Amino acid sequence: MTKIGIIIGSTRPGRLGPQVAGWVHDAAARRSDAEFAVVDLAEFRLPLFDQAVPPAMGGTGGPEAQAWARTVDAFDGFVFVTPEYNNQLPAALKNAIDFVCAGWADKAAGIVSYGGAGGTGSAAQLRQLCGLLGLADVPGQVSLHLATDFADFAVFAPSRSRARALDALLDHVVAWASALQPVRSARTASVA
Ligand SMILES: Cc1cc2nc3c(=O)[nH]c(=O)nc-3n(C[C@H](O)[C@H](O)[C@H](O)COP(=O)(O)O)c2cc1C
């Protein structure tokens, strides 16, 4: 069965990310075409990128980095739940992405962004990264606004239209993650 990781892209105390990821997971749990799991970056306690040998050249890093790489490897696709900090991707998410190289390739990704302006700047940066990593980002996007999708900017309360957009995003992520399976298999076979 296709496995999709829902990655919480923020790590700070009091973050809104887990509420949004929980909403994604609830919608995903109603489906039978893939397995979904929430992946909380905060639990990995990754250091600031510290590998003398980059992942692209075989560097594995310390135990935290290795646990993170194993987790990424276990999934066929991802939903990035990302806020926006100063119109950019959160540093914690960029850092975590840098710790892995081949583990992202030939998989699918969807983006659920949130922020004062919907997190669209963060999402655009993430798409650029996906291109570099060979991670196929699906065209749809769920963009959530602090003023309209969160009560008092703190409690997640998305509108119905957001749920429809999320379902469409999940359809696409599962379809692409499954369709890319032969590509991943061929790559693994050529390395072995
Ligand atoms: C340092 C910082 C910078 C921010 N900059 C932006 C921004 O440029 N655009 C935006 O839409 N929201 C911005 N926000 C609002 C965040 O998107 C919002 O606080 C969100 O809840 C952060 O996600 P988190 O709670 O999961 O950490 C910023 C928040 C912080 C803490």
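It should be noted that the structure appears before, not after, this text.
Notes on the structure follow. On a predicted model such as this, the values are computed, not experimentally measured, just so you know.

Some thoughts on the overall build of the chain
Logical step 1: Assigned secondary structure in the chain consists of eight helices and eight strands.
Logical step 2: Its C-alpha atoms put the chain at 50 × 35 × 25 Å along the principal axes.
Logical step 3: Looking at the chain as a whole, 45% of its 192 residues qualify as buried.
Logical step 4: Look at the contacts in the chain between residues 6 or more apart in sequence, and 79% of them connect residues 24 or more apart.
Logical step 5: Here the chain has roughly 9,100 Å² of accessible surface; of this, 57% comes from carbon and sulfur atoms.
Logical step 6: Taking the average location of the 15 positive side-chain charges in the chain and that of its 17 negative ones, the two points are 2 Å from each other.

A few points about the site of the ligand
Logical step 1: The environment of the ligand is made up of 15 residues, and the closest members are S10, R12, Y85, N87 and Y114.
Logical step 2: When the free accessible area of the ligand is taken as 610 Å², the share hidden by the protein chains comes to 72%.

A few points about unusual backbone geometry
Logical step 1: Unusually for a residue other than glycine, R45 sits at a positive phi of about 50°.
Logical step 2: Among the secondary structure elements, R45 is positioned in the loop between α2 (41-44) and α3 (63-73).
Logical step 3: The backbone phi angle of N86 is positive, close to 50°, even though this residue is not glycine.
Logical step 4: Accessibility expressed as a relative area gives 76% for N86, which makes it exposed.

A short note on the layout of surface pockets
Take a probe with the size of a water molecule and roll it over the atoms, and the empty space left behind shows itself.
Logical step 1: In this structure, the largest pocket occupies an estimated 240 Å³ of space.
Logical step 2: Forming the walls of the largest pocket are 14 residues, and the residues nearest its centre are G59, A69, D73, V100 and C101.
Logical step 3: The residue makeup of the lining of the largest pocket, split by class, is seven nonpolar, six polar and one charged.

Things to note about the environment of A74
Logical step 1: Along the chain, A74 turns up in the loop between α3 and β3 (77-82).
Logical step 2: Given the relative accessible area of 42%, A74 is considered partly exposed.
Logical step 3: For the pair A74 and I4, spaced 70 residues apart in the sequence, the C-alpha separation amounts to 8.9 Å.

Regarding the pattern of salt bridges
Logical step 1: In the structure shown here, the tally under the stated rule is eight salt bridges.
Logical step 2: Note that R31 is salt-bridged to D33, the shortest N-O span being 2.7 Å.
Logical step 3: Given the relative accessible area of 18%, R31 is considered buried.
Logical step 4: One salt bridge connects D171 with R31, and the closest N-O pair in it is separated by 2.8 Å. Here D171 is found in helix α7 (residues 160-179), whereas its partner R31 is found in the loop between α1 (17-29) and β2 (35-40), with 140 residues between them in sequence.
Logical step 5: Here the salt bridges share partners, and the residues they tie into one network are R31, D33 and D171.

Calculation criteria
Residues numbered from 1 in each chain as written. Predicted model: local features only at pLDDT ≥ 70, side-chain atom pairs only at ≥ 80, totals over all residues. Heavy atoms only, no water. Helix = DSSP H or I, 4+ residues; strand = E, 2+ residues; numbered from the N terminus. Buried < 20%, exposed > 50% of the residue type's maximum accessible area, 1.4 Å probe, protein only. Contact = heavy atoms within 4.5 Å. Areas by Shrake-Rupley, 256 points an atom, 1.4 Å probe, with all protein chains shown as cover. Lys, Arg positive; Asp, Glu negative; His and termini not counted. Charge placed at Lys NZ, Arg CZ, Asp CG, Glu CD. Near = heavy atom within 4 Å. 1 Å grid on protein atoms, 1.4 Å probe; cavity = no way out; pocket = protein on both sides within 12 Å on 5 of 7 lines; lining within 4 Å. Points joined across faces, edges and corners; volume = space filled by probe spheres on them. Nonpolar A, V, L, I, M, F, W, Y, C, P; charged D, E, K, R; others polar. Salt bridge = Lys/Arg side-chain N within 4 Å of Asp/Glu carboxyl O.

Interpretation in functional terms is not warranted from these geometric data alone.
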